[in-house]
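Each chain is listed here by its residues.
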Amino acid sequence: MIPLSWYMALAAILFAIGTYGFLIRRNIIIMMLSIELMLNAVNINMVAMSHYLDSLTGHVFTLFIITVAAAEAAIGLGLIIVLFRNKKSVYVDQINELKG
């Protein structure tokens, strides 16, 4: 049986990679993928803790997170397509229309 600490370490590494990708990269698509990676790291933590505590709460929350992540990805991709059609770029530095 795999110990809980391995799942926690895997989730921490995935979350760190996602955070690094979101903060360092300026491509909107890469930033969205990094957010999804962070959400999946949280899902791994919830399922692992739920399994080791013999509870279904983590599994239920994981299903809700997956549903919300799918909706967020669909809406985010739609927004990215609209921004690309208007600005011809997917880089955050080149899209400054919302600045006051």
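Residues numbered from 1 in each chain as written. Predicted model: local features only at pLDDT ≥ 70, side-chain atom pairs only at ≥ 80, totals over all residues. Heavy atoms only, no water.

Draft legend 1. Region of interest: helix α2 (residues 28-52). Helix length check: α2 (25 residues) gives 37 Å between terminal C-alpha atoms against 36 Å at 1.5 Å per residue, within 8%. Where α2 is concerned, the buried positions are Ile28, Met31, Met32, Ser34, Glu36, Met38, Ala41, Asn43, Ala48 and Ser50. The secondary structure elements touched by the buried residues of α2 are α1 (4-24) and α3 (57-87). Sitting at the amino-terminal end of α2 is asparagine 27, which places a side-chain oxygen 3.1 Å from the backbone nitrogen of isoleucine 29. (Helix = DSSP H or I, 4+ residues; strand = E, 2+ residues; numbered from the N terminus. Expected span 1.5 Å × (residues − 1). Buried < 20%, exposed > 50% of the residue type's maximum accessible area, 1.4 Å probe, protein only. Contact = heavy atoms within 4.5 Å. Polar contact = N/O pair within 3.5 Å; in protein donor to acceptor, adjacent residues only side chain to side chain.)

Draft legend 2. Fine view of unusual backbone geometry. Phi is positive for aspartate 54, close to 55°, though the residue is something other than glycine. Of note, aspartate 54 is situated in the loop between α2 and α3. In this structure, lysine 88 takes a positive phi of about 60° despite not being glycine. Within the fold, lysine 88 resides in the segment after α3.

Draft legend 3. Just the nonpolar core, in detail. Within the largest apolar cluster, five residues are counted, these being Ile28, Met32, Ile80, Val90 and Ile95. Apart from residues lying up to four places away in sequence, methionine 32 is in contact with Glu72, Ala73, Gly76, Leu77 and Ile80. (Core = buried A, V, L, I, M, F, W, Y, C linked by side-chain atoms within 4.5 Å.)

Draft legend 4. A look at α1. For α1, built from 21 residues, the straight-helix expectation of 30 Å at 1.5 Å per residue is met to within 8% by its first-to-last C-alpha distance of 30 Å. Among the residues making up α1, those that are buried are Ala11, Gly18 and Gly21. Mapping the buried residues of α1 onto a view down its axis gives an arc of 90°, with all of them on the same face. Residues Trp6, Ile13, Tyr20 and Leu23 are exposed on α1 and point more than 90 degrees away from its buried face. Tucked inside the fold, the buried residues of α1 contact α2. (Arc of directions from axis to C-beta.)

Draft legend 5. Just the side chain of glutamate 36, in detail. For glutamate 36, the position within the fold is in helix α2. The contact partners of glutamate 36, leaving out residues within four places of it in the chain, are Ala69, Glu72 and Ala73.

Draft legend 6. Quick peek at the environment of isoleucine 17. Position of isoleucine 17 among the secondary structure elements: in helix α1. What makes isoleucine 17 partly exposed here is its relative accessible area of 46%. Linking isoleucine 17 and isoleucine 44, residues 27 residues apart in sequence, is a C-alpha distance of 15 Å.

Draft legend 7. Geometry of the packing of α1 against α2. Axis separation between α1 and α2 bottoms out at 8 Å; the angle between their running directions is 165°. With respect to α2, the axis of α1 lies roughly antiparallel. As α1 packs across α2, the resulting crossing turns out to be left-handed. Grouping the constituent residues of the contact of α1 with α2 by class yields 20 nonpolar, five polar and no charged. (Axes fitted to C-alpha atoms, helices over the stretch in contact; angles between N-to-C directions. Parallel < 35°, antiparallel > 145°, perpendicular 65-115°, else oblique. Left-handed = near helix turned anticlockwise from the far one by under 90°. Nonpolar A, V, L, I, M, F, W, Y, C, P; charged D, E, K, R; others polar.)

Read these as geometric descriptors, not functional statements.
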